[in-house]
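Summary of structural features
Listed below are the residues making up each chain.
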Amino acid sequence: MMYEPMSNARTNEVPGLEDYIKAVRSRKWIVLAITILGLVLATLWANSRTESYDATARVLVRPTPVGSANNQEAPPVLEREKEQLQSNAVAREVQTNLGIATEPTALLAGLSVRFEPNSDTLRLTFTDGDPAVAQEVVNTFAAVYVSQREQAALDFYTSQISVYAVEADQITQQQAANQAQIDALLQERAGVAELPTTDPTKQPRLTQIDNEVASLRNTNSQLNQRQTQISTAVADIQRKVETRTPAAEVLGEAQRPTTPNGFTTRQIQVAGLVLGLIFGIVAAFVLDRLDKTARESDDVELALGSPVLSTVPQFGIGNRSGSASLVMLGDKKGASAQRSREAYRRLRSSVQFLATSSGTKSFVITSATPGEGKSTTAANLALAFAQSGARTVLVSADLRRPTVPRLFGISNAAGLSQWLAGDENVELELMLSNVRNLSIVPSGPTPANPGELLASPRFEALLRHFEQNYDIVLVDTPPVEGAADAAAVAPMTGGVIAVVDSRRTDTNALLQIRSDVARSGGKVVGAVLNRDKSKNGGLLRGRYGYYERAAANA
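Residues numbered from 1 in each chain as written. Predicted model: local features only at pLDDT ≥ 70, side-chain atom pairs only at ≥ 80, totals over all residues. Heavy atoms only, no water.

**Here we look at the sheet that holds strand β9 (residues 438-441)**
Strands in a sheet are paired, the pairing made by backbone hydrogen bonds, and the direction either parallel or antiparallel. One open sheet accounts for 8 strands, arranged β5-β12-β11-β6-β10-β7-β9-β8; its pairing is mixed. Edge positions in the sheet fall to β5 (308-313) and β8 (430-431), since each has one partner strand and no second. Alignment of β8 against β9, held across 2 bridges, turns out to be antiparallel. For Met431, the partnering residue across the bridge sits in β9 and is Ser439. (Pairing = 2+ DSSP bridges. Helix = DSSP H or I, 4+ residues; strand = E, 2+ residues; numbered from the N terminus.)

Next comes the structure, spelled out in structure tokens:
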């Protein structure tokens, strides 16, 4: 049954929560780095900013007669009082009271005044980098304003009393002058009264003097009444002064502020952390969408048009190079080694199914680019077949950069390249003494024309010979990109098994493998998703839990 490639509709699906989770999981270090960067930048900004503190005092403004048209108490005009509060006169007195060098204009620059709704209350706020200074300055502004307004009210009443005092003094002087005239007229009258009655001027003069005295006495009486009125008015003013409420009052002094304006450092850090996390997730998702790396089985199958035969987890650090990468030969009982062995056993089962269903015994093992683990995969797969009892031959057909001989620790002084060049004396098949059922064909010295040698009928005849004498034939070839060797060998075998590095293989490279192999007359029959990390979390955790428990109990 032929494998049907997945529909291209998958690439047009609307991303869901699972896609975001996958992107974050696969790029968790990017998310973490951007999140930490957001926290660091927020911390640096919070620590570099100049903190400022607001201290606020409240002043109640009461009615006074100052500035009223009829000298009666009138409600305050808050806009005018605000201007007064923010005047240079108040600021200069604040500067003097505090004994500071700050200019009045600078003090006023830090002061703001606003009205409280539906009241005669002014709210004063002073901003400064020092909370103690902010508190002291705004309280001084409030105290100076209240003092000046109170003094203005007192000055108004004092000025009224002064006017009355001046008038009273003038009345007293007038009364004294009138009395002096009265005394002079009475003295003159006494002299006129002694004149003989026959004097024709006597009676008219006496009458005139009496009239003048009466007029002066009447004037003095009126002046006395005015004096009484003045005394009453002064008494009323003094009573008002004694019983009146203050012209202004500090309702609430400013307390020393404890938190700076704006967001606190902790709030900024939390915001930076959250924003960094959000940007990290977005960046991870965008990179995931732009990334053409074949990280998932679906990506590989879609690109190659063939199924993923097995997923091999990434080896532990101790198994990533040299002969240590032959995990099928190792005796390590750790969970990582157990998972790797089981992956190669699943691969063996898949290849056995392909061989049975297609009636072929030989397969090419290749990859798109160097370093994807094709030789290690071929070696471990050959070991898995041999350990199952199948007679297996592993042909090191990578004549350019052979790896198989080094993995098994065998000599590569003579081998396939010499035999293909016509040297019949070369001993091709080397049976490993420590592995039953496995033969290795070393590549031999690097020839000048490796591609032509592998494409020759001589190599195809060799493969037919191996198929007659072995149960399974695995051919390790160079990567497809940069050499046509794998594509040349593919038609001679049952198919190509492509090894895909889940960390870096581009889907375009897989499309190139598919195209090159198909153009040469071969076919890609399966793939191995190598160095997979999905075992470390998510739903796939349970798949490997059995082997981890088995390793722990071994």
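**Focus: the side chain of Asp485**
Locating Asp485 in the fold gives a position in helix α16 (residues 485-489). Classification of Asp485 as buried rests on a relative accessible area of 1%. A distance of 3.0 Å separates the side chain of Asp485 from the side chain of Arg400, its partner in a polar contact. Ignoring sequence-local partners within four residues, the contact set of Asp485 consists of Arg400, Pro450, Gly451, Leu454 and Pro478. (Buried < 20%, exposed > 50% of the residue type's maximum accessible area, 1.4 Å probe, protein only. Polar contact = N/O pair within 3.5 Å; in protein donor to acceptor, adjacent residues only side chain to side chain. Contact = heavy atoms within 4.5 Å.)

**Points about the pairing of strand β2 (residues 111-115)**
Across 5 bridges, the pairing between β2 and strand β3 (residues 121-128) is antiparallel. Directly across from Ser112, in β3, lies its bridge partner Thr125. Once β2 ends, the chain turns through 5 residues before running back antiparallel as β3, passing Asn118 with a positive phi of about 55°.

**Regarding the sheet that holds β3**
Read from one edge to the other, the open sheet built from 4 strands follows the order β2-β3-β1-β4, with strand pairing classed as antiparallel. On the outer flanks of this sheet lie β2 and β4 (248-252), each paired with one strand and no other. Adjacent strand axes in the sheet meet at a mean angle of 30°, parallel and antiparallel pairs treated alike. Helix α6 (residues 131-193) rests against β1 (53-61), β2, β3 and β4 of the sheet, and its axis sits at about 15° to β1. (Axes fitted to C-alpha atoms, helices over the stretch in contact; angles between N-to-C directions.)

**Let's talk about the pattern of salt bridges**
Taken as a whole, this structure holds 19 salt bridges when the rule is applied. The closest approach of N and O atoms between Glu116 and Arg58, which form a salt bridge, is 2.7 Å. Of the two residues, Glu116 is situated in the loop between β2 and β3 and Arg58 in strand β1; the sequence distance between them amounts to 58 residues. Between Arg519 and Asp516 there is a salt bridge whose closest N-O contact spans 2.5 Å. (Salt bridge = Lys/Arg side-chain N within 4 Å of Asp/Glu carboxyl O.)

**Some points on the packing of helix α9 (residues 297-304) against helix α17 (residues 507-519)**
Viewed as axis vectors pointing N to C, α9 and α17 meet at an angle of 35°, and their least axial separation amounts to 8 Å. At the point where α9 passes α17, the crossing takes the right-handed sense. For the pair α9 and α17, the contacting residues are Asp299, Val300, Leu302, Ala303 and Leu304 in the first and Thr507, Leu510, Leu511, Ile513 and Arg514 in the second. Taken together, the residues that form the contact of α9 with α17 break down as 7 nonpolar, 1 polar and 2 charged. (Left-handed = near helix turned anticlockwise from the far one by under 90°. Nonpolar A, V, L, I, M, F, W, Y, C, P; charged D, E, K, R; others polar.)

**A word on the packing of aromatic side chains**
Within this structure, the stated rule accounts for 2 aromatic pairs. Ring centres of Phe156 and Tyr157 lie 5.6 Å apart, and the angle between their planes is 75°; this geometry places the pair in the edge-to-face category. Of the two residues, Phe156 and Tyr157, both sit in the buried class. Taking the centre distance of 6.0 Å and the plane angle of 75° together, the rings of Phe466 and Tyr470 count as edge-to-face. Here Phe466 and Tyr470 have matching classes, each one buried. For Arg458, the ring lying beneath its charged end belongs to Trp419, and the centroid distance is 3.8 Å. (Phe/Tyr/Trp six-rings, centres within 6.5 Å; stacked < 30°, edge-to-face > 60°. Lys NZ or Arg CZ within 6 Å of the ring centre and 35° of its normal.)

**Quick notes on α9**
The buried fraction of α9 amounts to 6 of the 8 residues, a majority that puts the element mostly inside the structure. Considered for burial, the residues of α9 that qualify are Asp299, Val300, Glu301, Leu302, Ala303 and Leu304. One or two steps after α9, the chain reaches Gly305, where phi turns positive at roughly 70°.

**A few points about the side chain of Thr392**
Its place among the elements puts Thr392 in strand β7 (residues 392-396). What makes Thr392 buried here is its relative accessible area of 0%. Here Ala390 takes part through its backbone oxygen, which lies 3.0 Å from a polar atom of the side chain of Thr392. Not counting residues up to four positions away in its chain, the partners in contact with Thr392 are Ala382, Phe385, Ala386, Asn437, Leu438, Ser439, Tyr470 and Ile472.

**A word on the confidence of the model for the chain**
On average, residues of the chain score 85 in pLDDT, and 90% of them are at 70 or above. Mean pLDDT per element in the chain: helix α18 (residues 541-553) is the minimum at 41, and strand β10 (residues 472-476) is the maximum at 95. This stretch, residues 1-12, has a pLDDT under 50; its non-local contacts, to residues over four places away or in other chains, come to 14 contacts. (pLDDT = per-residue confidence, 0-100.)

**Focus: the environment of Val31**
Inspection of the secondary structure puts Val31 in helix α2 (residues 28-48). In this structure, the C-alpha to C-alpha distance between Val31 and Ala283, residues 252 residues apart in sequence, is 7.6 Å. When residues no more than four places from it in sequence are discounted, the contact partners of Val31 are Val24, Leu277, Gly280, Ile281 and Ala284.

**Concerning α2**
Look at α2: 30 Å from first C-alpha to last across 21 residues, which is about the 30 Å you get at 1.5 Å a residue. Within α2, the full set of buried residues consists of Val31, Thr35, Gly38, Ala42, Thr43 and Ala46. Looking straight down α2, one finds that the buried residues subtend no more than 125° of arc, so they occupy a single side. Counted as exposed and oriented over 90 degrees from the buried face of α2: Trp29, Leu41, Leu44, Asn47 and Ser48. (Expected span 1.5 Å × (residues − 1). Arc of directions from axis to C-beta.)

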